[in-house]
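# Report on the structure
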Amino acid sequence: DDSVQLRIQYQGYSYGFTATTDFVFIEGTPARKAFKVQNVYNGGFPYGRANNSIENYLTQKSFTVPQDAASVKARVWITGHGGEQNENCAEFCAKYYYLKLNSQNIASQLVWKADCGSNAIINQPGTWIYNRANWCPGEVVPTYDYALNVSAGSTNTIDMDMEPFIANGDASYNIAVQLFYYMPYSATTDLGIEDIIAPSTDFWYNRVNPVCDNARIKIKNYGSVPVTRAKIHYQIGNAKPNMQEWSGSLASEKSTEVTLQWLIWTSDFSNKT
């Protein structure tokens with residue numbers, strides 16, 4: 001038995017809100033077990049101020065990898081806020097962050113979400129159709145994951161820097177960076193279906209549904225080695241299964257979308273699941 005505390009923060013412009021939470025439980029053996037999570041950065045930090053640089057908050061941090069850790073992952077959450085007068089930063093300007101491991105740059109990521117107009121929550125009040133710095137009103141904030149090349153028992157440093165900028169007014173970024181420590185992978189080769197995009201009744205895919213032709217699925221590599229080929233079998237009801245081959249290069253923990261060729265429905269429409 002265990003317990004957890006959830007906190008919901010609302011930053012909208014209306015006078016009230018309703019929040020719902022869904023818990024998704026997945027049966028079976030996990031692809032790899034995370035046994036420790038460590039916070040690196042967490043907060044809202046000013047951006048572009050000459051007398052209070054964001055780098056004062058994003059200082060280099062050290063961490064020691066547990067002896068029983070088989071792998072380590074860094075996860076970054078970041079969103080831009082504020083509307084200063086030079087470039088309307090940081091909500092409506094696109095800037096890079098840089099992630100460093102042991103003083104070596106391992107990632108350069110543009111902080112921008114370019115599809116807010118495709119938001120599943122349509123007809124909102126306000127400016128929901130305009131693209132923003134890695135968030136869209138009502139949607140889940142995208143995260144960025146990085147496998148860290150470190151060994152068990154080693155002590156390392158991690159550092160995050162933002163693209164230099166001088167603001168004319170208030171601009172800020174909400175940033176959280178965490179380290180995840182994992183046990184070994186449960187399987188060497190393990191490719192699975194992560195999600196069904198279409199056809200689907202999932203609310204978050206309502207802009208691409210319903211469909212009656214090509215299905216779209218997302219596959220993910222849950223194993224420890226890259227996957228380069230797969231055979232996908234699918235069917236309508238009890239009809240004859242169809243097989244489609246996929247080829248590419250999918251590294252561990254990575255996902256990709258696959259479009260499946262449309263099927264001809266049989267004359268028996270009583271079973272169409």
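First things first, this report covers the structure right here in the doc. (Residues numbered from 1 in each chain as written. Predicted model: local features only at pLDDT ≥ 70, side-chain atom pairs only at ≥ 80, totals over all residues. Heavy atoms only, no water.)

## What to know about the sheet that holds strand β13 (residues 255-260)
Taking strand neighbours across the sheet as the criterion, the three strands line up as β9-β10-β13 in an open arrangement whose pairing is antiparallel. Each edge of the sheet is formed by a strand with only one pairing partner; in this case those strands are β9 (191-198) and β13. Averaged over neighbouring strand pairs, the angle between their axes works out to 30° when direction is ignored. Relative to strand β10 (residues 215-221), β9 is paired through six bridges, and the arrangement is antiparallel. Considered in β10, the bridge of D195 is made with K218. (Pairing = 2+ DSSP bridges. Helix = DSSP H or I, 4+ residues; strand = E, 2+ residues; numbered from the N terminus. Axes fitted to C-alpha atoms, helices over the stretch in contact; angles between N-to-C directions.)

## Some thoughts on the packing of aromatic side chains
Throughout the structure, instances matching the rule amount to six aromatic pairs. Their ring planes at 65° and their centres at 6.0 Å tell us that Y97 and Y144 sit as a pair that is edge-to-face. With Y97 in strand β4 (residues 95-101) and Y144 in strand β6 (residues 143-148), the pair connects residues that are 47 residues apart, well separated along the chain. As far as the burial class goes, Y97 and Y144 line up, both buried. Site record: aromatic cluster; members linked through ring pairs are Y47, F165 and Y173. The ring of Y181 carries K36 above its face, with NZ or CZ at 5.4 Å from the centroid. Positioned above the aromatic ring of F180, the side-chain terminus of K73 is 5.3 Å from the ring centre. (Phe/Tyr/Trp six-rings, centres within 6.5 Å; stacked < 30°, edge-to-face > 60°. Buried < 20%, exposed > 50% of the residue type's maximum accessible area, 1.4 Å probe, protein only. Lys NZ or Arg CZ within 6 Å of the ring centre and 35° of its normal.)

## Quick notes on the side chain of K113
Structurally, the position occupied by K113 is in the loop between β5 (104-111) and β6. Residue classification places K113 among the buried residues on the basis of a relative accessible area of 13%. A polar side-chain atom of K113 sits 2.6 Å from a polar atom in the side chain of D115. Apart from residues lying up to four places away in sequence, K113 is in contact with N131, R132, N134, W135, C136, E139 and P142. (Polar contact = N/O pair within 3.5 Å; in protein donor to acceptor, adjacent residues only side chain to side chain. Contact = heavy atoms within 4.5 Å.)

## Considering the side chain of K95
Note that K95 resides in strand β4. Here E87 takes part through its side chain, which lies 2.9 Å from a polar atom of the side chain of K95. Excluding its chain neighbours within four sequence positions, the residues that come into contact with K95 are Y47, E87, C89, Q109, L110, V111, E163, F165 and Y173.

## Overview of the nonpolar core
I78, M160, Y173 and I175 are the most contacted members of the largest nonpolar core, which totals 37 residues. Broken down by secondary-structure element, the contributors of at least two residues to this core are β1 (34-46), β3 (71-81), β4, β5, β6, β7 (155-162) and β8 (172-182). A per-element tally of this core places β8 first, with five residues. When neighbours within four sequence positions are excluded, I175 is seen to be in contact with Y41, N42, G43, F45, I54, L58, W77, I78 and M160. Listed in part, the eleven residues of the second largest apolar core include I217, Y234, W246 and V258. (Core = buried A, V, L, I, M, F, W, Y, C linked by side-chain atoms within 4.5 Å.)

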